[in-house]
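Results of the structural survey
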Amino acid sequence: MDRTKAVISKGDGDPVWVIVPGGTESTEKVAHMALQLAAEKAGVAATGIRHITATGAGREYISFADQEAPEFQCLARGIHSILPSTRILLDLGARKSLAVKCKEGRTLKVASSSKCASGTGTYIEMVSTILGVDFVEMTELALQSKENLTIQSTCAVFAESEIISLVHDGVKIEDIIWGVFRGISGRIYPHLLDLGIEQDITAVGGVARSKAMILALEEIVGYNINVPEHPEIIGALGAAMIGRDILS
Amino acid sequence: MIVAGIDIGSSTAKAVIIKDHSVLSTAIIPTGSNSADTAMKVMDRALTPMGLSLNDMAYIVSTGYGRIKVPFTKKNITEISCHARGISSVFPTVRTILDMGGQDCKAIQCDGNGKVQNFVMNDKCAAGTGRYLERISKTLDVAIEDIGDLSLLTKEGPATISSFCAVFAQGDVITLLRKGTYVNDILAGVCEALTERIQRLIKQVGMTKDFAISGGIAKNKGVVSRLERNLEVKAHIAPEPQIIGALGAALFAEELAGK
C-alpha cells in the first residue's frame, strides 16, 4: 500500500514522524496533511518549518517543498543517522525494490526495479488477497513452514494460478506463503549482486517489517540483515536531514 | 475415422472432433480449477450433439497448458506445434503466426506443411497476455469482448498508461478515471500498450507477408487493427480463432491414428 511519511527534525531532539495512508486524495493533499500532523506532534507551526525536502515516487507533485531529492540520496542520508555502519541499503517498498551502496551518508551505486511488481510489496499484497491472509499473518504463517518450496511465477498475476493449483493439490498454506517470500527474495538478490555484496546490510521500507521476508533474504545472501525500528520512515528522515545539512 | 483434439488453456478449454479431414463439432468452455474435469466437460459438450461418445474416438491428442492432465488422451503435443498445424490447414500460405492466450503469447514461424521452424514466447509477464485485458476489464467494469470495439471509439485519442506491469497498470487506470479520462480513451491506451508488446515478439521471430492471428486475442478488433497498422499487413483470422490449437491437435490425432 502506498503511504506518505513526514519527518520533522527540530533542534537537538529526536525527529518526530507520522505515516499517512494514500487514500483517494491527491498526492499533494495527502502530503500536506502528513506535514500538518507531524507539525502538531512536534509542537511547531507547519508554516514555521524552515526547509522542506520532498522525496519518493510522488515528490514532483509537492509544490510546497523547497526542493526534491531522489529516494536513494535520502535513504543513504537517513540510514547514516541511525545505522552509520550500513554499506548496503535495501529499500523494500510497495511498488519497487531498490538497493543502494552507501558510505557516510553518500550514495556510491544504485540498483533498482520499479517496472515490474515481481520483487515488491505489491506481489505480497496480491497473495494476501488471494489467500485472504493479511500481511502480519502471512509472516507468522511463513515462519511456521518446514518446507523449502519456492513460488516460481515471476509475475504477480501468474502467481495467482500457481498458488490456486498448489492449494488444490493440498499444499499447506504456510509452505505456500514461505515459498512466496523465497521467490521474492530471489528476484531482489540480483540487485545486491549488481552492487557487490558487502557487510553491513540494512533493509528498510514497509516490507522490511516482515521477519519472513528478511529471513528469506538472509538465506540467499548468506549474511545477517539489520532492520531499524521504524523501517518505513528512513527516506523521509533522510530528506529532513538533507534539509538540516543545507541550513547549517 | 473419427478423432478429437483437445486444448486445455489457462482461461478456456476447447475441443474439436473431425471425421475424414472435416470438422464435425467444436466446443469452448471456461477452464475450471481441475483440468481433468474440464477436459471431460468440454469433450462431452462436443460429443453429445453428435450422438458420439469417447469410445467412438479412434485417437485423441491433447494440447495447451493443462495437456498432461487430460485422462483420456493418447498423446500430448505442445500448443506451438498444434497452432502451426491448425493455422496451416486453414491458411496454407501463412508463415508467421501470433497466438495470444490467457497466460502467454507466442510468435511462431512455420513452413508450408505447418511444421514449426522457430518461435518466441512470453509466459513470464502478464503485461503481454490475456490476463492484462482481464484485469483492465475488471477494473473498468467493461466486458473483455467489448474492449477492442470500444477502444476504436476514442474521444481524445489513446490515454497514456505509464506502467508496464499489469498490476501497476491497474493503478494507472484508476488514476486516469479519477482525472476524468474517457473510458474508451483508456481502453485505446491499453490496446496500444498491448499491441506494442505483442509486436516485439513478432519482430523477434521474423515477420512474413502471410501472417495469421489465433487465440482469444484474434477477436479483439482494437488489438488486431493496431497490429495491422503497425506491421503494415492484413492478418488472416479464422472464423473461430480460439479453436485453432484444438484443430491442430485433432489433425495430429488423425495422422497418428492412421499409422
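Definitions and cut-offs
Residues numbered from 1 in each chain as written. Chains lettered and ligands numbered in written order. Predicted model: local features only at pLDDT ≥ 70, side-chain atom pairs only at ≥ 80, totals over all residues. Heavy atoms only, no water. Helix = DSSP H or I, 4+ residues; strand = E, 2+ residues; numbered from the N terminus. Rg over C-alpha atoms; globule rule 2.2 N^0.38 Å. Buried < 20%, exposed > 50% of the residue type's maximum accessible area, 1.4 Å probe, protein only. Contact = heavy atoms within 4.5 Å. Areas by Shrake-Rupley, 256 points an atom, 1.4 Å probe, with all protein chains shown as cover. Lys, Arg positive; Asp, Glu negative; His and termini not counted. Charge placed at Lys NZ, Arg CZ, Asp CG, Glu CD. Axes fitted to C-alpha atoms, helices over the stretch in contact; angles between N-to-C directions. Parallel < 35°, antiparallel > 145°, perpendicular 65-115°, else oblique. Left-handed = near helix turned anticlockwise from the far one by under 90°. Nonpolar A, V, L, I, M, F, W, Y, C, P; charged D, E, K, R; others polar. Buried area = accessible area lost by both parts, 1.4 Å probe. Salt bridge = Lys/Arg side-chain N within 4 Å of Asp/Glu carboxyl O. Polar contact = N/O pair within 3.5 Å; in protein donor to acceptor, adjacent residues only side chain to side chain. Phe/Tyr/Trp six-rings, centres within 6.5 Å; stacked < 30°, edge-to-face > 60°. Lys NZ or Arg CZ within 6 Å of the ring centre and 35° of its normal. Core = buried A, V, L, I, M, F, W, Y, C linked by side-chain atoms within 4.5 Å. Domains from an automatic or database assignment. Pairing = 2+ DSSP bridges.

Brief notes about the overall build of chain A
Scanning chain A from terminus to terminus reveals 8 helices and 9 strands. Against the globule reference of 18 Å for 248 residues, chain A gives a C-alpha radius of gyration of 19 Å, in line with a compact fold. Projected onto the principal axes, the alpha-carbon positions of chain A cover approximately 60 × 40 × 30 Å. Taking all 248 residues of chain A together, 49% fall into the buried category. In chain A, of all internal contacts separated by at least 6 residues, the share reaching a separation of at least 24 is 66%. With the model as given, the accessible surface of chain A reaches about 11700 Å², and the carbon-plus-sulfur share is 50%. Seen as two clouds, the 23 positive and the 30 negative side-chain charges of chain A have centres 6 Å apart.

Observations concerning the packing of helix α3 (residues 121-131) of chain A against helix α6 (residues 173-195) of chain A
Residue and element names in this part refer to chain A. Viewed as axis vectors pointing N to C, α3 and α6 meet at an angle of 165 degrees, and their least axial separation amounts to 11 Å. With respect to each other, α3 and α6 are oriented roughly antiparallel. At the point where α3 passes α6, the crossing takes the right-handed sense. Where α3 approaches α6, its residues Tyr 123, Ile 124, Val 127 and Leu 131 are matched on the opposing element by Ile 173, Ile 177, Val 180, Phe 181, Ile 184 and Arg 187. Looking at side-chain class alone, the contact of α3 with α6 contains 9 nonpolar, no polar and 1 charged residues.

Focus on the interface of chain A and chain B
Across the contact, 18 residues belong to chain A and 17 residues belong to chain B. Contact between chain A and chain B buries roughly 1400 Å² in total, counting both sides, with carbon and sulfur atoms accounting for 63%. Of all residues in chain A, Arg 95, Val 157 and Phe 158 of chain A bury the most surface against chain B, accounting for 41% of the area lost on that side. Connecting chain A to chain B are 0 salt bridges. Counting every contact that joins chain A to chain B gives 3 residue pairs in polar contact (both at pLDDT 80 or more). Counting residues per element, the side of chain A that touches chain B draws most heavily on helix α5 (residues 156-168) of chain A, which supplies 5 residues.

A short note on the packing of aromatic side chains
For the coordinates displayed, the defined rule picks out 0 aromatic pairs over all chains. Sitting above the plane of the Phe 252 of chain B ring, Arg 85 of chain B keeps its charged end 5.0 Å from the centroid.

Describing the nonpolar core
Counting residues in each nonpolar core, the largest one holds 84 residues, and the members touching the most others are Leu 92, Phe 181 and Met 213 of chain A together with Ile 198 and Ile 213 of chain B. The leading source of residues in this core is helix α6 (residues 183-205) of chain B, at 10 residues. When near neighbours in sequence (up to four residues on either side) are disregarded, Ile 198 of chain B contacts Leu 98, Met 100, Cys 105, Ile 217, Val 223 and Leu 227 of chain B. Within the second largest apolar cluster, 19 residues are counted, among which are Ile 8, Ala 13, Ala 39 and Leu 47 of chain B.

Some details on the domain arrangement of chain B
Residue and element names in this part refer to chain B. When cut into domains, chain B gives domain 1 (1-91 + 239-259) and domain 2 (93-237). Distance from the C-alpha centre of domain 1 to the C-alpha centre of domain 2: 25 Å. Listed by partner, the interface residues are 17 residues for domain 1 and 26 residues for domain 2. Summed over the shared surface of domain 1 and domain 2, the number is 1 salt bridge. A salt bridge links Glu 240 to Lys 219; the nearest nitrogen and oxygen atoms lie 3.3 Å apart. Where domain 1 meets domain 2, there are 11 residue pairs in polar contact (both at pLDDT 80 or more). Per element, the largest residue contribution to the side of domain 1 that touches domain 2 is 8 residues, and it comes from helix α2 (residues 79-90). Grouping the constituent residues of the side of domain 1 that touches domain 2 by class yields 8 nonpolar, 6 polar and 3 charged.

So, the sheet that holds strand β7 (residues 106-113) of chain A
Pairing between sheet strands relies on hydrogen bonds along the backbone, with the strands arranged either parallel or antiparallel. All names here are of chain A. Pairing within the open sheet is mixed, and its 5 strands lie in the order β7-β6-β5-β8-β9. The sheet terminates laterally at β7 and β9 (225-226), the two strands that pair on one side only. In this structure, strand β6 (residues 97-103) lies alongside β7, joined through 7 bridges in antiparallel fashion. Across the sheet, Ala 99 pairs through a bridge with Ala 111, a residue of β7. Packed on one face of the sheet, helix α2 (residues 71-80) meets β5 (88-92), β6, β7 and β8 (201-204) and runs near 55 degrees to β6.

Considering the sheet that holds strand β1 (residues 2-8) of chain B
Residues and elements named next belong to chain B. Strand order in the open sheet formed by 5 strands is β3-β2-β1-β4-β5, and the pairing between neighbours is mixed. Edge positions in the sheet fall to β3 (22-30) and β5 (75-76), since each has one partner strand and no second. As judged from the 7 bridges shared by β1 and strand β2 (residues 12-19), these two strands associate in the antiparallel manner. Each bridged residue has a counterpart across the sheet, and for Ile 8 the counterpart in β2 is Ala 13. Strand contacts of helix α1 (residues 35-47): β1, β2, β3 and β4 (60-63), with the helix running at about 135 degrees to β3, the strand carrying the most contacts.

Considering the domain arrangement of chain A
All names here are of chain A. According to the domain assignment, chain A consists of domain 1 (1-82 + 233-248) and domain 2 (84-227). Between the C-alpha centres of domain 1 and domain 2 there is a distance of 26 Å. Listed by partner, the interface residues are 13 residues for domain 1 and 19 residues for domain 2. Summed over both partners, the interface of domain 1 with domain 2 buries about 1200 Å², with 70% contributed by carbon and sulfur atoms. For the pair domain 1 and domain 2, the interface holds 1 salt bridge. Its salt-bridge partner being Lys 96, residue Glu 71 comes within 3.2 Å of it at the nearest N-O pair.

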